[in-house]
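So you can see what is in the structure, the chains are spelled out below.
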Amino acid sequence: TVTDPFSLSHTVVVQAVADTPSVDVGAENKTTVEENSGFVAYEVVISLNDLDGSETYQSIVIDFSTPGSGALPDIAFGNITGFNRTYAPGQVTLTGTTSGLELALLALEVKPGTRNGEDITVAVTVTAVESNPSESGVVGSEISVPTAVASDSFLIPVSPVSEAVPFIFAPD
């Protein structure tokens, strides 16, 4: 029996993976609001579950819908800065700094649409992106899962306000 020591070199590539962010909207069914109420705050807590600090928010999409025939609800974020908003009918997309986006969602406000006494569904979708390749100089293979998505939703019951029926008096 001959035992000859030998060695081989190996290259180990550890690929980065985007971790799924957290989204917590609290209770799925919120307290009923009146159709003509002003903005009501609905705190949404989001966070990155990233231990090495290599992830950021790619975007946060807030979809809001109502089956009513009046105006769509209004969405606001108090006086929070540090993020950008892009509005489309029934949707707002947020981008910006991690702290700005987290503060914006904590300050989320919803107001029922004009002449729309129907319930409002709000869905929050958060996309995290891995931004720190684990192997410098290698483009493309250093991140095995570049993004991760999480979402949650809630319902705002809306109590319709009775519309005054015009009374027309016609003398005989």
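First things first, this report covers the structure right here in the doc. Model, not experiment: these values are computed from the prediction.

Points about the sheet that holds strand β4 (residues 40-41)
Here we have three strands laid out as an open sheet, ordered β4-β10-β7, and antiparallel in their pairing. Every other strand in the sheet has two partners, leaving β4 and β7 (74-76) as the edge strands with one partner each. Examined bridge by bridge, β7 and strand β10 (residues 109-111) share three bridges and lie antiparallel to one another. The residue bridging D74 from the neighbouring strand is K111, located in β10.

Things to note about the environment of T86
In this structure, T86 sits in strand β8 (residues 83-88). Residue classification places T86 among the exposed positions, given a relative accessible area of 54%. Excluding residues within four positions of it along the chain, T86 makes contact with Q91, V92 and T93.

Considerations on the packing of aromatic side chains
Enumeration over the complete set of coordinates arrives at two aromatic pairs. Residues Y42 and F154 carry aromatic rings whose centres are separated by 5.5 Å and whose planes lie at 35° to one another, so their mutual orientation is tilted. Taken as a pair, Y42 in the loop between β4 and β5 (45-47) and F154 in strand β13 (residues 147-156) lie far apart in primary sequence, 112 residues in all. Residue classification places F154 among the buried positions, given a relative accessible area of 2%. Seen in terms of ring centroids, F77 and F83 are 5.4 Å apart; in terms of plane orientation they differ by 75°. Their pairing is edge-to-face.

Digging into the pairing of strand β11 (residues 120-130)
Each regular strand carries side chains that alternate between the two faces of the sheet. Among the eleven residues that make up β11, eight are buried, leaving the element largely enclosed by the rest of the structure. As paired elements, strand β6 (residues 55-65) and β11 share ten bridges and run antiparallel to each other. What sits directly across from S65, in β11, is T121. With ten bridges connecting them, β11 and β13 associate as antiparallel partners. In the strand pairing of β13, T121 is matched with L155.

What to know about the side chain of N116
Looking at the element boundaries, N116 is found in the loop between β10 and β11. Each residue touching N116, except ones within four places of it in the same chain, is listed here: E35, T66, G68, S69, G70, A71 and V158.

Structural notes on the nonpolar core
Counting 30 residues, the largest nonpolar core has I62 and L94 as the members making the most contacts within it. Excluding its chain neighbours within four sequence positions, the residues that come into contact with L94 are S59, I60, I62, F77, F83, N84, R85, L101, A104 and L105.

What counts, and where the lines are drawn
Residues numbered from 1 in each chain as written. Predicted model: local features only at pLDDT ≥ 70, side-chain atom pairs only at ≥ 80, totals over all residues. Heavy atoms only, no water. Pairing = 2+ DSSP bridges. Helix = DSSP H or I, 4+ residues; strand = E, 2+ residues; numbered from the N terminus. Buried < 20%, exposed > 50% of the residue type's maximum accessible area, 1.4 Å probe, protein only. Contact = heavy atoms within 4.5 Å. Phe/Tyr/Trp six-rings, centres within 6.5 Å; stacked < 30°, edge-to-face > 60°. Core = buried A, V, L, I, M, F, W, Y, C linked by side-chain atoms within 4.5 Å.

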